[in-house]
Amino acid sequence: MLAGETGGSLVGRLLSMRPVVFVGLISYSLYLWHWPLMVLQRTDFLLVHSDSRLVTRGAVFVASFVCAFLSWWIVERTTRNRRLVSSKTIVLGSIVAALALLLAAGVLAYTGGFQQRFSPEALAVARYLDYDEKKQFREGSCFLDRETPFQRFDQTACLPDIPGRPNYLLIGDSHAAALSSGLRQAFPDANVLQLSGVGCPPTIALQPAASEACSGLNRLAFEEIPKTRKITKAWLVARWNVGRLGQGPGWNKDWLADLQQTVEELRRHGIESIVIGPMPEYGSRLPRLLAKSIETHDPGLASRSLTTDSLALDRQMADFTRKHGIDYVSLAGAICSGLDKSCMTYAAPGVPLLFDSDHVTDTGAALIAEKISPQLR
């Protein structure tokens, strides 16, 4: 940069171009604006409602530049000119602005964000944005997060062994943990053995994103339990490389081959497996979408936010498992219908099926488990 400051070099001439100089002038404002606009677009579709990443990113890009230019022109340019605004005015204005923001924050905290502006129906659904899944997942005992060592796995609670009952082995990540409560309800006369952990897809070959506990859970599921327990079926559940039909972060390139190897290894132990496909996902948290649809009287809002990647992945996995003789249960097939693949969004009146964009609530788990239970036996 120092070498090109006179504009004599190619780099200097490029940096001296008026569009580049203009971007430099508004760069700080651009830095401040782009992130909140990205977040609000992702959570509330503030700028545009589209499933196209090109469209949404383009909208954020344009809006960031517009807001950056306006704040530079109105705030930065003005406050830097002492002929227009004195230092005393800047200091007093900053104090007033800070106090106003502090007062506004206090009012918002006291009123809970002016909840009275929303209908009771919307508020009831929106409360699921604060959903606590720990009890449902049995976090810390049967579902291990990245900070929980494998030694904390509670074999007594998670691997019940009531004599005379069939044993079903549930293996997977947080999606397996989310379904576990529903599966226990759907199979009340069975031992449902839950082995689940963050970033632990049910494949013998550990995926790159595997947490520390995954190797221990895999050893239990694929080596120790088959030698000591007669397993009726193994249910393999995960957020199967969703959004990336090829290789994605956290997944081996040949993850489908890893899945096939896992099924074959369990067969060698005399255990038949059932692969449970991906949960249809949304571009934002479902309770937020449902609450917004109630307020805007737009019942199709959630359906338009359904990601096409998760549905495409379901079709890909269905084709792969059929080709290789693997039993497959499609969650999309259980909760979605029609040519437009509109999916169930409520597990019960006022209760969203999901508490975020892809994990079921406990009521949702019970509903889905009841629907697919005939295929899991």
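Now for a look at the structure at hand. Note that this is a predicted model, so its numbers are computed, not measured.

1. A few points about the overall build of the protein chain
On a plain count of helices and strands, the protein chain comes out with 16 helices and 10 strands. Expressed as a percentage of the 377 residues in the protein chain, the buried residues total 43%. The long-range share in the protein chain, meaning contacts at least 24 apart out of those at least 6 apart in sequence, stands at 73%. Total accessible area on the protein chain is roughly 20,100 Å²; 60% of this is exposed by carbon and sulfur atoms.

2. Digging into empty space enclosed by the protein
Inspection of the entire model under this criterion finds 1 cavity of 30 Å³ or more. Estimates place the volume of the largest cavity at around 60 Å³. In this structure, the largest cavity is lined by His-175, Ala-178, Leu-179, Val-237, Ala-238, Gly-277, Met-279, Leu-331, Asp-358, His-359 and Val-360. When its residues are assigned to classes, the lining of the largest cavity shows 7 nonpolar, 3 polar and 1 charged.

3. Topic: the pattern of salt bridges
Summed over all chains, the structure comprises 9 salt bridges. Here Glu-224 ties to Arg-219 by a salt bridge, and the two come within 3.4 Å at their closest N and O atoms. Its relative accessible area of 34% is what places Arg-219 among the partly exposed residues. A salt bridge links Asp-319 to Arg-322; its shortest N-O distance comes to 2.4 Å. On the criterion of helical spacing, the pair formed by Asp-319 and Arg-322 is a turn pair, its members being 3 residues apart in helix α14 (residues 308–323). Classification of Asp-319 by relative accessible area gives partly exposed; the value is 43%. Among the ionic contacts, a cluster of salt bridges with common partners joins Arg-239, Glu-281 and Asp-358.

4. Comments concerning the packing of helix α9 (residues 174–186) against helix α16 (residues 362–376)
Following both chains from N to C, one finds α9 and α16 inclined at 60°, their axes separated by 7 Å at the closest point. Put simply, α9 runs oblique to α16. Our pair here, α9 against α16, has a crossing hand that is right-handed. Counted together, Ala-178, Leu-179, Ser-181, Gly-182, Leu-183, Gln-185 and Ala-186 of α9 and Asp-362, Ala-365, Ala-366, Ile-368, Ala-369, Glu-370, Ser-373 and Leu-376 of α16 form the full contact between these two elements.

5. Points about the nonpolar core
Phe-187, Trp-235, Ile-276, Ile-368 and Leu-376 are the most contacted members of the largest nonpolar core, which totals 46 residues. Taken together, the elements giving at least two residues each to this core come down to β2 (167–172), α9, β4 (233–237), β5 (272–276), α12 (286–296), α13 (301–304), α15 (331–335) and α16. If sequence neighbours within four positions are ignored, Phe-187 has contacts with Tyr-168, Val-192, Trp-235, Ser-373, Leu-376 and Arg-377. One finds Phe-150, Ile-225, Trp-240 and Leu-266 within the second-largest nonpolar core, a separate group that totals 37 residues.

What counts and how
- Residues numbered from 1 in each chain as written.
- Predicted model: local features only at pLDDT ≥ 70, side-chain atom pairs only at ≥ 80, totals over all residues.
- Heavy atoms only, no water.
- Helix = DSSP H or I, 4+ residues; strand = E, 2+ residues; numbered from the N terminus.
- Buried < 20%, exposed > 50% of the residue type's maximum accessible area, 1.4 Å probe, protein only.
- Contact = heavy atoms within 4.5 Å.
- Areas by Shrake-Rupley, 256 points an atom, 1.4 Å probe, with all protein chains shown as cover.
- 1 Å grid on protein atoms, 1.4 Å probe; cavity = no way out; pocket = protein on both sides within 12 Å on 5 of 7 lines; lining within 4 Å.
- Points joined across faces, edges and corners; volume = space filled by probe spheres on them.
- Nonpolar A, V, L, I, M, F, W, Y, C, P; charged D, E, K, R; others polar.
- Salt bridge = Lys/Arg side-chain N within 4 Å of Asp/Glu carboxyl O.
- Axes fitted to C-alpha atoms, helices over the stretch in contact; angles between N-to-C directions.
- Parallel < 35°, antiparallel > 145°, perpendicular 65-115°, else oblique.
- Left-handed = near helix turned anticlockwise from the far one by under 90°.
- Core = buried A, V, L, I, M, F, W, Y, C linked by side-chain atoms within 4.5 Å.

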